[in-house]
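Structural overview for review
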Amino acid sequence: MNNNLTSMPEPRRSVAFVGSECYPFVKTGGLGDVMYALPRALTAQNCDVKVILPRYKCIPWKYQEKMVYRGSFTMDLCADGRRYYVGIMEYVWDGVVYDFIDNEEFFSWGNPYTNLVDDIPKYCFFAKAALAALNYMDWIPDIIHCHDWQAALVPVYLRTVFEGTRVAFAKAILTIHNLRFQGIYDIPTVKYWSGLPDYLFDYHVLKQGVDDANMFKGGLTYADMITTVSKTYADEIQTPFYGEHLDDHLRYHSGKLCGIVNGIDVEQWDSETDKLLAANYSVEDVLVGKPQNKMALQEKLGLEQDPDKFVIGLISRLTDQKGLDLVNAILPNLIDGNTQVVILGTGDARYENSFRYYENTYKGSVCSCIMYDEGLAHQIYAGADALLVPSLFEPCGLTQLIAMRYGTVPIVRETGGLKDTVQPYNMFTNEGNGFTFDRYEAGLLWEAVIRAKTLYFTGREYWDEMVIRDMEKDVSWDNSAAQYRALYMMLRP
Ligand code: ADP
């Protein structure tokens, strides 16, 4: 082997990330975490990364005040040629450049997402403005890495309206974080706001059904490469059950589709240094540190304080995707005097109400925190023994990764990234990271919880070994960032 070759530094690559949310500026779910952590991991692997985001009004002032005006111009958008202001506000942090696209008319709402009537024009504008801003700044990356439907028109604009401009040099990757949301609206509205030519509203690009346009579908057609956030989800979305009506389109484009599992930011999620915890702990003293966090959590939430209770956590958006009807079905059976359940989440009223009902019915054993609370999430990851993630579908899922990092054993359904990241416990070989079940049935979730409880109460030394295995598992971004980098190299050698 030629040692000189293997030790040669990898060539530098430039990447523009385009997406609708990014922690800590604005985050509603896993996409926000990825947009924060992956660029940072890539800068450590010899990449120049610019993250392009909307400048929403809800971004905290402490970040807004640090943004520096980088320039502005006007851009035509709609079919009738209406022109809009595009401002670029820049913020450089830890080697990553964040460019916020500024426009009061589109981004002055409180939340990033409101309803499709407003969101369709907003993200047509954002996609086109992101490309125009790259041309304006004369920063032409090797790769434009777009995320979810909100950025899906980027590849479409890039290969049509922007063909012949400098930015067209870049290759486009579109990552599917969640196929459920696609940006579908009637053709006249999307045609008007995007200003895209008629021929793109064809069944192979943007058209869906009889008279709808699907922004995600268009992006999938024009992207040079499609990725999704786990190998299993990449296979699943090519089937009718998980494909959200795009399975045929994805099968057609399967030659450019691959799955790369997410990691987590191991500095942000570190039980040794996490300031939000009652007691910090490492893999060395987890068996002491975890009960301390458990007692603090129980005290904070008004649960009976007892380190020997089996505490099950659930941190989730409360929507059908997350398998909460299974949790609803088994929750009364879980409460047996030895078990406590802590729920943190917001979402559909029916789940919020049922979990509130269970809290009232099983006071001292169930606590339902119907809110979004970053601090409490950290405390649950540290204080719970197990974390439930029984999703109907889960492109990757971050909560099971964070749980493992904090020595909390995940109980998951074998779907998407949950299947790829949680190895089921094998009682004969004493291997595995958590407890799993396959079919979407309450009875199977119930059995998985019983298996977990049985090991916890009757085989604690094996349980503790699993806790340590989970904490030692590599859930960092390093490996996944290297795979993305290899993809960038493949597209622009
Ligand atoms: P999704 O993106 O589908 O919502 P993920 O598992 O990929 O699910 O990511 C969820 C992220 O949001 C995790 O970082 C989790 O800790 C966080 N999270 C979800 N709900 C809440 C909540 N109510 N309070 C605090 N953090 C939450």
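Residues numbered from 1 in each chain as written. Predicted model: local features only at pLDDT ≥ 70, side-chain atom pairs only at ≥ 80, totals over all residues. Heavy atoms only, no water.

Focus on the site of the ligand
Our working rule: When at least one non-hydrogen atom of a residue lies within 4 Å of a molecule or strand, that residue is treated as near it. Any pair of nitrogen or oxygen atoms within 3.5 Å is treated as a polar contact; in protein, a donor-acceptor pairing is required on top of that, and neighbouring residues in sequence qualify only through side-chain atoms on both sides. In these tables, accessible area is a Shrake-Rupley quantity obtained with a 1.4 Å probe, and a residue counts as shielded only by the protein chains included in the view. Strands here mean DSSP runs of E at least two residues long; helices mean DSSP runs of H or I at least four residues long; both are numbered from the N terminus.
Within the structure, the ligand sits among 20 residues, and Gly-30, Arg-317, Lys-322, Tyr-381 and Leu-398 are positioned closest to it. In this structure, an oxygen atom belonging to the ligand sits 3.5 Å away from a main-chain N or O atom of Thr-399. Protein contact buries 93% of the 570 Å² of open area that the ligand shows by itself. Looking at the shell around the ligand, the elements with two or more residues in it are helix 2 (30–43), helix 14 (374–383) and helix 15 (399–405).

Details of the sheet that holds strand 16 (residues 386–389)
Backbone-to-backbone hydrogen bonds join strands into a sheet, with any given pair of strands oriented parallel or antiparallel. Defined as follows: Any two strands are treated as partners once DSSP identifies two or more bridges connecting them. In this analysis, axes come from line fits to C-alpha atoms, helices being fitted only over the stretch in contact, and the angle between any two N-to-C directions falls in the range 0 to 180 degrees. Only heavy atoms matter for contacts: two residues are in contact if any of them lie within 4.5 Å across the pair.
The strand order across the open sheet built from six strands is 15-14-13-16-17-18, with neighbouring strands paired in parallel fashion. A strand with exactly one partner marks an edge of an open sheet, and here the two such strands are strand 15 (366–369) and strand 18 (435–437). Between one strand axis and the next, the sheet turns through 15 degrees on average, direction left out of account. Docked against the sheet, helix 11 (residues 286–301) engages strand 13 (310–315), strand 14 (339–344) and strand 15, running at close to 70 degrees with respect to strand 14. In the packing of helix 18 (residues 460–472) onto the sheet, contacts are made with strand 13, strand 16, strand 17 (409–413) and strand 18, and the angle to strand 17 comes to roughly 85 degrees.

Comments concerning the domain arrangement of the protein chain
The criterion, for reference: Note that domain bounds follow an automatic or database assignment of domains. Two parts placed together each lose some accessible area; with a 1.4 Å probe, that loss summed over both constitutes the buried area. Within this document, salt bridges are pairs made up of a side-chain nitrogen of Lys or Arg and a carboxyl oxygen of Asp or Glu, the two lying within 4 Å of each other.
For the protein chain, the domain assignment lists domain 1 (11–263 + 478–491) and domain 2 (286–472). Between the C-alpha centres of domain 1 and domain 2 there is a distance of 33 Å. Contacts between domain 1 and domain 2 engage 21 residues on the former and 17 residues on the latter. On the domain 1 side of the contact with domain 2, Arg-180, Thr-232 and Tyr-242 bury the most area, a combined 26% of that side's loss. On inspection of domain 1 and its partner domain 2, the count reaches one salt bridge. In this structure, Lys-27 and Glu-374 form a salt bridge, with 3.9 Å as the shortest nitrogen-oxygen distance.

Observations regarding the side chain of Ser-14
Applicable threshold: Relative accessibility thresholds used throughout: buried, under 20% of the residue-type maximum; exposed, over 50%; partly exposed, between the two (1.4 Å probe, protein chains only).
Of note, Ser-14 is situated in strand 1 (residues 13–18). With a relative accessible area of 14%, Ser-14 lands in the buried category. Apart from the residues within four sequence positions on either side, Ser-14 is in contact with Asp-48, Trp-139, Ile-140, Pro-141, Asp-142 and Ile-143.

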